[in-house]
Amino acid sequence: QVQLVESGGGLVQAGDSLRLSCAASGRTFSTYAMGWFRQAPGKERELVAVISISGVSTYYRPSVKGRFTISRDNAKNTVYLQMNSLKPEDTAVYYCAADPNLRDYVSGNVGGVDYWGKGTLVTVSS
């Protein structure tokens, strides 16, 4: 059982930066790959970034690659998403997710992801 709590969302202007945080409960955080998804109004939930258990392997959807950075601190049971050069099209509710492996993330199998946070809203104005 894993509980996830996101924070750091807010209203910013295009070109600004935000850092999202996701705090996970329990002593088993280091056994889960972690990911960030987002969902805009009228759109399906989509993968933003994923990081392996060790932090060595990462994946980003093409539209955010070079602008966003996912990282994790296993000692603090926390995963981060640093978002730079934000664009209006980044506006969405951002969800933290946990899963034992990367396959469900990268394959786009949203329903296969084991645990979800409740989300934090990011709004980017132009």
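This is a predicted model, so every value here is computed, not measured. (Residues numbered from 1 in each chain as written. Predicted model: local features only at pLDDT ≥ 70, side-chain atom pairs only at ≥ 80, totals over all residues. Heavy atoms only, no water.)

Considering the pairing of strand 1 (residues 4-7)
And then number 1: Burial along strand 1 is one-sided: the face carrying Leu4 and Glu6 is buried and the face carrying Val5 and Ser7 is not.
And then number 2: Of the strand pairs in this sheet, strand 1 and strand 3 (residues 18-24) are connected by 4 bridges, and their pairing is antiparallel. In the strand pairing of strand 3, Glu6 is matched with Cys22. (Buried < 20%, exposed > 50% of the residue type's maximum accessible area, 1.4 Å probe, protein only. Helix = DSSP H or I, 4+ residues; strand = E, 2+ residues; numbered from the N terminus. Pairing = 2+ DSSP bridges.)

A word on the side chain of Arg72
And then number 1: Checked against the element boundaries, Arg72 lands in strand 7 (residues 68-73).
And then number 2: Of the side chains with opposite charge, Asp73 comes closest to the buried, unpaired Arg72, at an N-O distance of 8.3 Å.
And then number 3: Only 3.1 Å separates the side chain of Arg72 from the backbone oxygen of Phe29, close enough to count as a polar contact.
And then number 4: For Arg72, the side chain forms a polar contact with the side chain of Asn74, separated by 2.7 Å. (Lys, Arg positive; Asp, Glu negative; His and termini not counted. Salt bridge = Lys/Arg side-chain N within 4 Å of Asp/Glu carboxyl O. Polar contact = N/O pair within 3.5 Å; in protein donor to acceptor, adjacent residues only side chain to side chain.)

A word on the packing of aromatic side chains
And then number 1: As enumerated under the stated definition, the model contains 4 aromatic pairs in all.
And then number 2: For the pair Tyr95 and Trp116, a centre-to-centre distance of 6.5 Å together with 90° between the ring planes defines the contact as edge-to-face. Of the two residues, Tyr95 is situated in strand 9 (residues 92-99) and Trp116 in strand 10 (residues 115-116); the sequence distance between them amounts to 21 residues.
And then number 3: Among the residues examined, Tyr95 registers a relative accessible area of 13% and is labelled buried.
And then number 4: When its relative accessible area of 27% is taken as the criterion, Trp116 is described as partly exposed.
And then number 5: Here Arg45 stacks its cationic end above the ring of Tyr95, 3.7 Å away from the centre of that ring.
And then number 6: Residue placement shows Arg72 over the ring face of Phe29; its charged tip is 4.5 Å from the ring centre. (Phe/Tyr/Trp six-rings, centres within 6.5 Å; stacked < 30°, edge-to-face > 60°. Lys NZ or Arg CZ within 6 Å of the ring centre and 35° of its normal.)

Details of the environment of Asp16
And then number 1: Take Asp16: it is sitting in the loop between strand 2 (10-13) and strand 3.
And then number 2: Asp16 sits in the partly exposed class, given a relative accessible area of 33%.
And then number 3: With 79 residues separating them along the chain, Asp16 and Tyr95 place their C-alpha atoms 20 Å apart.
And then number 4: The residues contacting Asp16, other than those within four sequence positions of it, are Met83, Asn84, Ser85 and Leu86. (Contact = heavy atoms within 4.5 Å.)

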